[in-house]
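# Fold and geometry: a report
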Amino acid sequence: MNFMRVSQDEPQMDESLKQTLKDYRSSVHAWSDAVYNQPHKPVRVYKTSWRVTASWALGCVLAVASVAGGLYERHHVKEQAKIAAAAQAARQAKHVAEQREESEDQLAKIDSDVSREVPSAMEPLAKMMVEDSTE
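What this report covers is the structure whose coordinates are included nearby. Everything quoted here is computed from the prediction, not taken from an experiment.

## Some thoughts on the overall build of the protein chain
Within the protein chain, the secondary structure is distributed over 3 helices and 0 strands. Shown N-terminal to C-terminal, the secondary structure of the protein chain runs as helices and strands in the order α-α-α. Split by element, the accessible area of the protein chain, about 13,300 Å² in all, is 60% carbon and sulfur.

## Observations regarding a nonpolar patch on the surface
Taken together, Met-122, Leu-125, Met-128 and Met-129 make up a surface patch of nonpolar side chains, about 420 Å² in accessible area. Here Leu-125 lies in helix α3 (residues 123-134). A residue is classified by how much of its surface remains accessible, and Leu-125, at 44% relative accessible area, is partly exposed.

## Notes on a negative patch on the surface
The grouping of Glu-98, Glu-101, Glu-102, Glu-104 and Asp-105 at the surface amounts to a negative patch. Its place among the elements puts Glu-104 in helix α2 (residues 45-115). According to the relative accessible area criterion, Glu-104 is partly exposed, its value standing at 48%.

## A short note on the pattern of salt bridges
Summed over all chains, the structure comprises 1 salt bridge. Linking Glu-79 and Lys-82 is a salt bridge whose minimum nitrogen-to-oxygen distance equals 3.8 Å. A residue pair is termed a helical-turn pair when its members lie 3 or 4 positions apart in one helix, as Glu-79 and Lys-82 do in helix α2 at 3 residues.

Procedures and definitions
Residues numbered from 1 in each chain as written. Predicted model: local features only at pLDDT ≥ 70, side-chain atom pairs only at ≥ 80, totals over all residues. Heavy atoms only, no water. Helix = DSSP H or I, 4+ residues; strand = E, 2+ residues; numbered from the N terminus. Areas by Shrake-Rupley, 256 points an atom, 1.4 Å probe, with all protein chains shown as cover. Patch = residues over 30% accessible without salt bridge, like charges linked within 9 Å, V, L, I, M, F, W, Y side chains within 5 Å. Salt bridge = Lys/Arg side-chain N within 4 Å of Asp/Glu carboxyl O. Buried < 20%, exposed > 50% of the residue type's maximum accessible area, 1.4 Å probe, protein only. Lys, Arg positive; Asp, Glu negative; His and termini not counted. Charge placed at Lys NZ, Arg CZ, Asp CG, Glu CD.

Purely geometric numbers; function is a separate question.
Rendered as structure tokens:
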């Protein structure tokens, strides 16, 4: 093996390494100059502007739809509450009507009991007396 001795005062490079680095540098410079001097294609601004416009429009539509959905939901909840309140009022009115009918039935029974000449417990005795008086 051939090792190169390097002194601390002056670094020495192999000639082939120097040539390789020189070739590499020149190829990088050549590539850079070629790319830099290429004619540039014009950027299509109108496509970009339409994309931005379309994305803003879709974002606005999404925001409006979200707000409208929230308002509709709120309206729907209010309508459901009104319907539930009306149903509750109808149930209460039906219950009051049933109680009134029940009270009227009880009053009619009491009225019929009061209008009798003889209390119901004394009815068999009253029938016997009526039979006796007819004989």
